[in-house]
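Examining the three-dimensional arrangement
The residues making up each chain are set out below.
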Amino acid sequence: MLLAVRFTDRCCCLHRLVVCFSRRLKVSSPAKPQVSHCVDTDCDDFLPWLEQKAGVEISSVLSIGKSSFGRSLFASKSIQTGDCILKVPHNVQISPDNVPSKISSLLGDGVGNIAKLAVVILVEQKKGQDSEWAPYINRLPQPGEMHSTIFWSESELEMIQKSSVYQETINQKAQIQKDFLAIKPVLNHFSENLFNDISLKEFSHACALVGSRAWGSTKGLSLVPFADFVNHDGVSESVLLGDEDKQLSEVIADRDYSPGEQVLIRYGKFPNASLLLDFGFTLPYNIYDQVQIQVNIPHHDLLRTLKLELLHRHCLQKIGDANSYSSMGNSFTIKEVRSARGKGRGIPQSLRAFARIFCCTSPQELSDLAMEAAQYDGRLARRPLKNWSREIQAHQVLLSWITQLINECNTSIKSLPSAASPLCHLFSLRKQMARDLLTGELRVLKSAAAWLENYCATLATKNYLSDKNDDSETVMSRGTKV
């Protein structure tokens, strides 16, 4: 049995025994029963078609309906915890293997699975009703229904300029364009000239469909019809499970459902940054929110070369890690610190180590840290500095970096445009997404700042008491007769 994580281009991971398939959403905290819905008459024939194509029953307890989240799955019968509520065989899943051989043979090694699945979607769209997948392809979201930031206007993107999502959006759009330029000549060779008029806009839409609906699988990525109608609850324990022995994907209910309740699963433990970029929605309160912070050694630092060499030599992060070191700076992921008086879990030890290196003022200090790392586990500057004043200084510097981000985030939230016209529903929706994103990142930053303030205050108190004790011992020593 494989556990599946819904695909995002940031994390598509398959584990040997358990592969997590993750995906889109709409609920944050423990979900309240969703019973307000209407039947989706446009999909009355969808499940019968899919079951006929699969040759087996896929679900006898779920029906397709519409909720405030759009197309959704609802319990059509009572469901008990532990019940298997759907099974989708691999033979009705769409993977990069479905790329027509005429096209696949012309694609270079640089074309990834996202682009390949996007090609499959484009091919089936061009076939229209002649496509064997028409009932599924026709029900995929249209461009106007998708809210990934790659579809945002420049003015809308300005609302999140201080978030890492801004640059990630630019990078993703650039990658899509690069893939398009590589694939367009190949598509032009396809029979019947179906793709002579294919546009970047169409390809971007297809890529966004893959990014928001595909699941990680042993084939790289797979679209799983019917299962991709289910919406996301960040605290649900239900996920899409892949069983390679039985050649199917299934969902096990993590709680009881009454008839008419919306059924929810967890796409993955994604922060709003991932949900917004890859899926096109946010949560008002997301327990998985995090913030990317990038810091570097300034060029005016006289020890810059030595510090960079030391950081490279000790590989502050594992190669390939999201926080890996680069000569341009370090990117770290900060998560919410649950307690200001705890161990600071949420603030990467590697970030604190970087701050210690940053504050070194002599080659000897750097040498001492290198020797200390060699004596222990090889990790650089992971232990508190022996000089308490320098340890406090390092964490105060880190606090100043985070405080600056807090101020920028606060300014961004206050600068969000005022209420638009009721007719501008799209802009109002995206503005709320921007607010959710920034508010979550602000909460994370404030939690880190609170811990750092407490840490520095605690060390300052200990340092004061230690100095006071040293002074007392000195006085006693002077007054003692030998």
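Residues numbered from 1 in each chain as written. Predicted model: local features only at pLDDT ≥ 70, side-chain atom pairs only at ≥ 80, totals over all residues. Heavy atoms only, no water.

Some details on the pattern of salt bridges
Stated precisely, the cut-off is as follows: What counts as a salt bridge is simple: a side-chain nitrogen of Lys or Arg found within 4 Å of a carboxyl oxygen of Asp or Glu. Each helix is a run of DSSP H or I of at least 4 residues and each strand a run of E of at least 2, with the numbering of both proceeding from the N terminus. For each residue, the accessible area found with a 1.4 Å probe, counting protein chains only, is set against the maximum for its type, and the residue is called buried under 20%, exposed over 50%, and partly exposed in between.
One pass over the full model with this rule turns up 16 salt bridges. With a shortest N-O distance of 3.9 Å, K219 and D97 are connected by a salt bridge. One end of the pair, K219, is in the loop between β6 (215–217) and β7 (220–222); the other, D97, is in the loop between β5 (84–89) and α2 (101–104), with 122 residues separating them in the sequence. We classify K219 as partly exposed; its relative accessible area is 43%. Measuring nitrogen to oxygen at the nearest pair gives 2.7 Å for the salt bridge that ties D301 to K307. Accessibility assignment for this pair places D301 and K307 in one class, buried. A single network of salt bridges, built from pairs that share partners, joins D289, E336, R338 and R443.

Concerning helix α1 (residues 46–54)
Heads up, the rule is: The criterion used for residue contact is that any of the two residues' heavy atoms lie within 4.5 Å.
Considered for burial, the residues of α1 that qualify are F46, L47, W49, L50, E51 and A54. Where α1 is buried, its residues meet β3 (62–67), β5 and α4 (134–137). Where α1 terminates, the next one or two residues include G55, which has phi positive at roughly 80°.

Describing the packing of aromatic side chains
We apply this condition: In this scheme Phe, Tyr and Trp rings, the latter by its six-membered ring, pair at centre separations within 6.5 Å, and the angle between planes marks the pair as stacked below 30 degrees, edge-to-face above 60, and tilted otherwise.
For the structure shown, the criterion picks out 14 aromatic pairs. With centroids separated by 5.2 Å and ring planes inclined at 55°, the aromatic side chains of F46 and F229 adopt a geometry described as tilted. Within this pair, whereas F46 is found in helix α1, its partner F229 is found in the loop between β7 and β8 (231–232), the two being separated by 183 residues in sequence. According to the relative accessible area criterion, F229 is buried, its value standing at 2%. Taken together, a centroid distance of 6.2 Å and an interplanar angle of 50° make the contact between Y267 and F279 tilted. Pair noted here: Y267 is in the loop between β11 (264–265) and α8 (272–279) and F279 is in helix α8, with a separation of twelve residues, a long-range link. A relative accessible area of 8% places F279 in the buried class. An aromatic cluster of at least three residues, connected via ring pairs, comprises F46, W49, W133, Y136, F226 and F229.

Examining the nonpolar core
Basically, it comes down to this: Think of a nonpolar core as a cluster: buried Ala, Val, Leu, Ile, Met, Phe, Trp, Tyr and Cys residues, connected wherever their side-chain atoms sit within 4.5 Å.
Counting 130 residues, the largest nonpolar core has F46, L62, I79, L86, F203, F226 and I402 as its most contacted members. With 14 residues, the top contributor of residues to this core is helix α13 (residues 425–478). Not counting residues within four places of it along the chain, the set of residues in contact with F46 comprises I64, P135, Y136, R139, P225, F226 and F229.

Some remarks on the side chain of E441
With respect to the helices and strands, E441 occurs in helix α13. Setting aside chain neighbours within four positions, we find E441 in contact with S163, A273, Q290 and V291.

With respect to the packing of helix α3 (residues 113–127) against helix α7 (residues 200–213)
Quick note on the threshold: The axes are straight lines fitted to the C-alpha atoms, using for helices just the contacting stretch, and the angles between their N-to-C directions are given from 0 to 180°. Left-handed describes a crossing in which the near helix is turned anticlockwise from the far one by less than a right angle; the clockwise case is right-handed. Basically, the charged four are Asp, Glu, Lys and Arg, the nonpolar ten are Ala, Val, Leu, Ile, Met, Phe, Trp, Tyr, Cys and Pro, and anything else, Gly included, counts as polar.
For the pair α3 and α7, the least separation of the axes is 8 Å and the interaxial angle reads 115°. Seen from above, α3 lies across α7 with right-handed handedness. Packed against α3, whose contacting residues are I114, A115, L117, A118, I121, L122, Q125 and K126, the element α7 presents E202, F203, H205, A206, C207, L209 and V210 at the interface. When grouped by side-chain class, the residues that make up the contact of α3 with α7 number eleven nonpolar, two polar and two charged.

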